[in-house]
Amino acid sequence: MTNLLEIEKLHTGYDGVAVVRDLDLTVNAGEVVALLGPNGAGKTTTLTTISGMGDIISGSVTIMGRPVPRLRHAHRVARWGVTHVPENRGILFQLTVRENLEMAKTKGKVDIDRAVEYFPALGSLMHRRGGLLSGGEQQMLALGRAIVAEPKLLMVDEMSLGLAPVIYEELMPVVRRIADETNAGVLLVEQHVDLALEVADRGYVLSHGDLAMHGTASELLADRHLLDASYLGVESLDD
Ligand SMILES: Nc1ncnc2c1ncn2[C@@H]1O[C@H](COP(=O)(O)OP(=O)(O)OP(=O)(O)O)[C@@H](O)[C@H]1O
Ligand SMILES: [Mg+2]
């Protein structure tokens, strides 16, 4: 298995104050890894740091053997084949679906058919402006942009945010499919723990910036009381 992403003893945060502490995390090619935890745990901070948009205080983030620079070099990291679908989805509202897809790649020609293959509904929306799409359609476009970018490492932040269950339950397996079909490694931040662990191979749980648990998806699900406890920020509910 190829180690795509390797995080060692990472302290990252804002203005020199760590909000994520001593994090060790890996993502391999073809693997879906869930990054879980309650609000404010440091999930988004971890993703933005991997993308080169954060301030690394200490420790290291290595992507395919290359160290992520300590200070904000997102454009460089993107060229390594890292695609980040942010919480706000990152689509351009003034541009059409087609234009949004065409802009998704840093170099080379975009294969728009590939996005339609994953999301047939996008096919008839090509000329619609991003801002006029429904929330579910916007998220399909955001993932479609990620697919045509052909990432080696894909990170998706809170895909299900603001969407109806019937919609995100359909979107979640697409992430699995991307990993299986393209051998990309996927790091998935998600509030819906069960749904995320259904598609993930492994998971990490952050609590107040500390790594509370990690393991295979089935291990985490089997340790359900511990998993729930880390959401409450306590070690265990037993004592
Ligand atoms: N730009 C910022 N400047 C200073 N502190 C920040 C900034 N962004 C986030 N934080 C703080 O860092 C901590 C972790 O926030 P982060 O957004 O990474 O959490 P999260 O796990 O993504 O939460 P959520 O589930 O709400 O999205 C929080 O205490 C938050 O207040
Ligand atoms: Mg967040």
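It should be emphasised that the depicted structure is a prediction, and the values quoted were computed from it without experimental measurement.

Engineer: When you look at the sheet that holds strand S6 (residues 82-85) in this model, what are you seeing that I'm missing?
Structural biologist: Read from one edge to the other, the open sheet built from six strands follows the order S6-S7-S8-S3-S9-S10, with strand pairing classed as mixed. Unpaired on one side and paired on the other, S6 and strand S10 (210-216) mark the two borders of the sheet. Taken pair by pair, the neighbouring strands of this sheet meet at an average axis angle of 15 degrees, ignoring direction. One ladder, built from four bridges, connects S6 with strand S7 (residues 153-157); its direction is parallel. Across the sheet, residue Val82 finds its bridge partner in S7, namely Leu153. Along the sheet, helix H1 (residues 43-50) makes contact with strand S3 (32-36), S6, S7, strand S8 (185-189) and strand S9 (202-207), crossing S7 at roughly 150 degrees. Running at roughly 175 degrees to S6, helix H5 (residues 135-148) makes contact with S6 and S7 of the sheet.

Engineer: Explain helix H6 (residues 165-182) to me, please; I cannot follow it from the model alone.
Structural biologist: Each full turn of the α-helix corresponds to 3.6 residues, which orients residues three or four apart in the same direction. Over its 18 residues, H6 runs 26 Å from end to end, which matches the ideal 26 Å to within 8%, given 1.5 Å per residue. By the burial criterion, the buried members of H6 are Tyr168, Leu171, Met172, Val174, Val175, Arg176, Ile178 and Ala179. Against the buried residues of H6 lie S3, helix H4 (112-118), H5, S7, S8 and helix H7 (193-199).

Engineer: Sorry, what's going on with the nonpolar core here?
Structural biologist: Across soluble globular proteins, nonpolar side chains show a tendency to be buried alongside one another. Val32, Val97, Leu101, Phe119, Leu188 and Leu197 are the most contacted members of the largest nonpolar core, which has 49 residues in total. Two domains share this core, each providing at least three of its residues, namely domain 1 (1-81 + 153-239) and domain 2 (85-150). Residues in contact with Leu101, not counting those within four places in the same chain, are Val110, Ile112, Ala115, Met126, Leu141, Gly144, Arg145 and Val148. Leu35, Val68, Trp80 and Val82 belong to the second-largest nonpolar core, a separate cluster that totals 25 residues.

Engineer: Sorry if this is basic, but what is going on with the domain arrangement of the protein here?
Structural biologist: Taken as a whole, the protein is organised into domain 1 (1-81 + 153-239) and domain 2 (85-150). Computed from C-alpha coordinates alone, the two centres of domain 1 and domain 2 are separated by 23 Å. Between domain 1 and domain 2, the buried area comes to about 1,400 Å², and carbon and sulfur atoms account for 61% of it. Scanning the region where domain 1 abuts domain 2 turns up one salt bridge. The salt bridge partner of Glu117 is Arg177, with a shortest N-O separation of 3.9 Å. Along the contact surface separating domain 1 from domain 2 lie six residue pairs in polar contact (both at pLDDT 80 or more). When contributions to the side of domain 1 that touches domain 2 are tallied by element, the ones reaching two or more residues are S7 and H6. The dominant element in the side of domain 1 that touches domain 2, judged by the number of residues it contributes, is H6, at seven residues. When grouped by side-chain class, the residues that make up the side of domain 1 that touches domain 2 number ten nonpolar, two polar and five charged.

Engineer: Even after reading the chapter, I still don't get the sheet that holds strand S2 (residues 17-28), so can you show me in this structure?
Structural biologist: The strands making up a sheet associate through backbone hydrogen bonding, with each pair oriented either parallel or antiparallel. Taking strand neighbours across the sheet as the criterion, the four strands line up as S2-S1-S4-S5 in an open arrangement whose pairing is antiparallel. The two strands at the open ends of the sheet, each matched to only one other strand, are S2 and strand S5 (66-67). Sheet topology note: the strand S1 (residues 3-14)/strand S4 (residues 55-63) ladder contains seven bridges and is antiparallel. In the sheet register, Gly13 faces S4, and the bridge partner there is Asp55. Its contacts with the sheet place H1 against S1, S2 and S4, and it is angled at close to 120 degrees to S1.

Engineer: Is there a simple way to explain the pairing of S10 in this structure?
Structural biologist: Of the pairings in the sheet, the one linking S9 to S10 comprises six bridges and is antiparallel in character. Each residue of the ladder has a partner; that of Arg202, found in S10, is Thr216. In this structure, the hairpin formed by S9 and S10 is closed by a connection of two residues, where His208 is found at a positive phi of approximately 50 degrees.

Engineer: Help me out: how do you make sense of the pattern of salt bridges in this one?
Structural biologist: Evaluation of the coordinates by the stated rule reveals ten salt bridges. In this structure, Glu181 engages Arg177 in a salt bridge whose closest nitrogen and oxygen atoms are separated by 2.9 Å. Of this pair, Glu181 and Arg177 both sit in helix H6, four residues apart, which is roughly one turn of the helix. When its relative accessible area of 28% is taken as the criterion, Arg177 is described as partly exposed.

The rules we used
- Residues numbered from 1 in each chain as written.
- Chains lettered and ligands numbered in written order.
- Predicted model: local features only at pLDDT ≥ 70, side-chain atom pairs only at ≥ 80, totals over all residues.
- Heavy atoms only, no water.
- Pairing = 2+ DSSP bridges.
- Helix = DSSP H or I, 4+ residues; strand = E, 2+ residues; numbered from the N terminus.
- Axes fitted to C-alpha atoms, helices over the stretch in contact; angles between N-to-C directions.
- Contact = heavy atoms within 4.5 Å.
- Expected span 1.5 Å × (residues − 1).
- Buried < 20%, exposed > 50% of the residue type's maximum accessible area, 1.4 Å probe, protein only.
- Core = buried A, V, L, I, M, F, W, Y, C linked by side-chain atoms within 4.5 Å.
- Domains from an automatic or database assignment.
- Buried area = accessible area lost by both parts, 1.4 Å probe.
- Salt bridge = Lys/Arg side-chain N within 4 Å of Asp/Glu carboxyl O.
- Polar contact = N/O pair within 3.5 Å; in protein donor to acceptor, adjacent residues only side chain to side chain.
- Nonpolar A, V, L, I, M, F, W, Y, C, P; charged D, E, K, R; others polar.

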